[in-house]
Amino acid sequence: MGAGLLKTVRVTLAGALVLFGLAVTAEAQTLASLPAENGAKVLGDARPIAAWVTFCQSYAAECAVDRSEPARISLTPAIWATIVSVNRRVNKSVEPKTDMEHLHVADRWDLAEDGIGDCEDFQLLKRHLLAEAGLPRRAMRMTVVIDEKGEGHAVLTLITDRGDLILDNKTNVIEAWHKTGYVFIKRESQDATAWVSLGGVTSPVTTANR
């Protein structure tokens, strides 16, 4: 990852958490406001996005599954504060551009090393930083959906003891998966470097929107 961007995000994150403590700002969501929800049901195997396969060849550690890690995140006020802060900071720090605009390719997954990225790059960077902060990568799964425009889109699913929560670059609000309005297609498996189906009928070839 680009040292400049990562350092900036880490510094601003650290500063935010010092000010944040276990409380949240008036505009932020609170842990207490999250109801207990059911997670999305896994329905079988699914074919991965092609750009994810290429990403895993270059960033193997980002795709590896450690089955000794917890399969769910136990939310505490401190962990919730970290999640909210990382989500906001990455959404603010990365400049949104499609891969075609940025790199002149249809779809490429990376960690927004140059500070520019599209939907999946936002989510991969969030997961990278949350894993560095101690959250189990196994409980943070890249997920493909059909968005409100009928286009392929990538979000990050946090599998928690409050249900499946979605981090999205289109909003700073962290929603339960079934409240996003998206059609959920598939996500990374928790048990292998592979993907599983979430029941959506039509799978996009790419997730290359902003």
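This text goes with the structure placed above it.
The residue numbering used here restarts from 1 in each chain and proceeds along that chain's sequence as written. Totals for whole chains, interfaces and linings use all residues, but because this is a predicted model, local features are given only for residues with pLDDT of at least 70 and pairs of side-chain atoms are given and counted only at 80 or more. Side-chain measures were taken over the full set of non-hydrogen atoms in the model, leaving aside hydrogen atoms and water.

Caption draft 1: Spotlight on helix 6 (residues 119–132). Counted at 1.5 Å a residue, the expected span for helix 6 with its 14 residues is 20 Å, and the 20 Å between its end C-alpha atoms agrees. Most of helix 6 is tucked away, with 13 of its 14 residues classed as buried. Here a strand is any run of E in DSSP of at least two residues, a helix any run of H or I of at least four, and the numbering for each starts at the N terminus. Two residues or fewer after helix 6 comes Gly134, characterised by a positive phi angle close to 110°. Expected span, for any helix, means 1.5 Å times one less than how many residues it has. Exposure classes here rest on a 1.4 Å probe applied to the protein chains alone. A residue is buried below 20% of its type maximum, exposed above 50%, and partly exposed in between.

Caption draft 2: Representation of the packing of aromatic side chains within the structure. Stacked, tilted and edge-to-face pairs are distinguished by plane angle, under 30 degrees for stacked and over 60 for edge-to-face with tilted covering the rest, among Phe, Tyr and Trp rings (Trp via its six-membered ring) whose centres lie within 6.5 Å. Summed over all chains, the structure comprises four aromatic pairs. For the ring pair Phe55 and Tyr59, a centre distance of 4.6 Å and an interplane angle of 20° mean the geometry is stacked. Tyr59 carries the same exposure label as Phe55, and that label is buried. Look at Trp109 and Trp195: their rings are 6.4 Å apart centre to centre, the planes differ by 70°, and that puts the pair in the edge-to-face class. In this pair, Trp109 is assigned in the loop between helix 5 (99–103) and strand 3 (116–117) and Trp195 in strand 9 (residues 195–197), connecting sequence segments 86 residues apart. For the pair shown, Trp109 and Trp195 are each scored as buried. Taken together, the aromatic side chains of Trp52, Trp109 and Trp195 make up a single cluster linked through ring pairs.

Caption draft 3: Focus on the nonpolar core. Of all hydrophobic cores here, the largest spans 41 residues; its most connected members are Leu75, Trp80, Ile83, Trp109, Met140 and Leu158. Those elements that provide at least two residues to this core are helix 2 (50–58), helix 4 (77–93), helix 6, strand 4 (140–146), strand 5 (152–160) and strand 6 (163–168). If you tally residues by element for this core, the top one is helix 6, at seven residues. Any two residues whose heavy atoms approach within 4.5 Å are treated as being in contact. In this structure Met140 touches Ile73, Arg127, Leu130, Ala131, Leu135, Leu156, Thr157, Leu158 and Glu188, once residues within four positions along its chain are discounted. Buried Ala, Val, Leu, Ile, Met, Phe, Trp, Tyr and Cys residues that are joined via side-chain atoms within 4.5 Å together make up what is termed a nonpolar core. In this structure, Val145, Ile166, Tyr182 and Leu198 belong to the second largest nonpolar core, which totals seven residues.

Caption draft 4: Just the side chain of Lys186, in detail. By the element assignment, Lys186 lies in strand 8 (residues 183–188). Notably, Lys186 is buried but unbridged: the nearest opposite-charge side chain belongs to Asp107, and the N-O separation is 9.9 Å. Neither His nor the chain ends contribute to the count of charged residues, in which Lys and Arg are positive and Asp and Glu negative. Any Lys or Arg side-chain nitrogen found within 4 Å of a carboxyl oxygen on Asp or Glu counts as a salt bridge.

Caption draft 5: View of the sheet that holds strand 4. Pairing between two strands is assigned when DSSP locates at least 2 bridges connecting them. Pairing within the open sheet is antiparallel, and its seven strands lie in the order 1-9-8-4-5-6-7. Each edge of the open sheet is held by one strand with a lone partner, namely strand 1 (45–46) and strand 7 (171–176). Inspection of the sheet shows strand 6 paired to strand 7 by three bridges, in the antiparallel sense. Residue pairing across strands places Asp168 opposite Thr171, the latter belonging to strand 7. Note on geometry: axes are C-alpha line fits, over the in-contact stretch for helices, and angles between N-to-C directions span 0 to 180 degrees. The sheet contacts of helix 4 involve strand 5, strand 6 and strand 7, and relative to strand 7 the element is tilted by about 135°.

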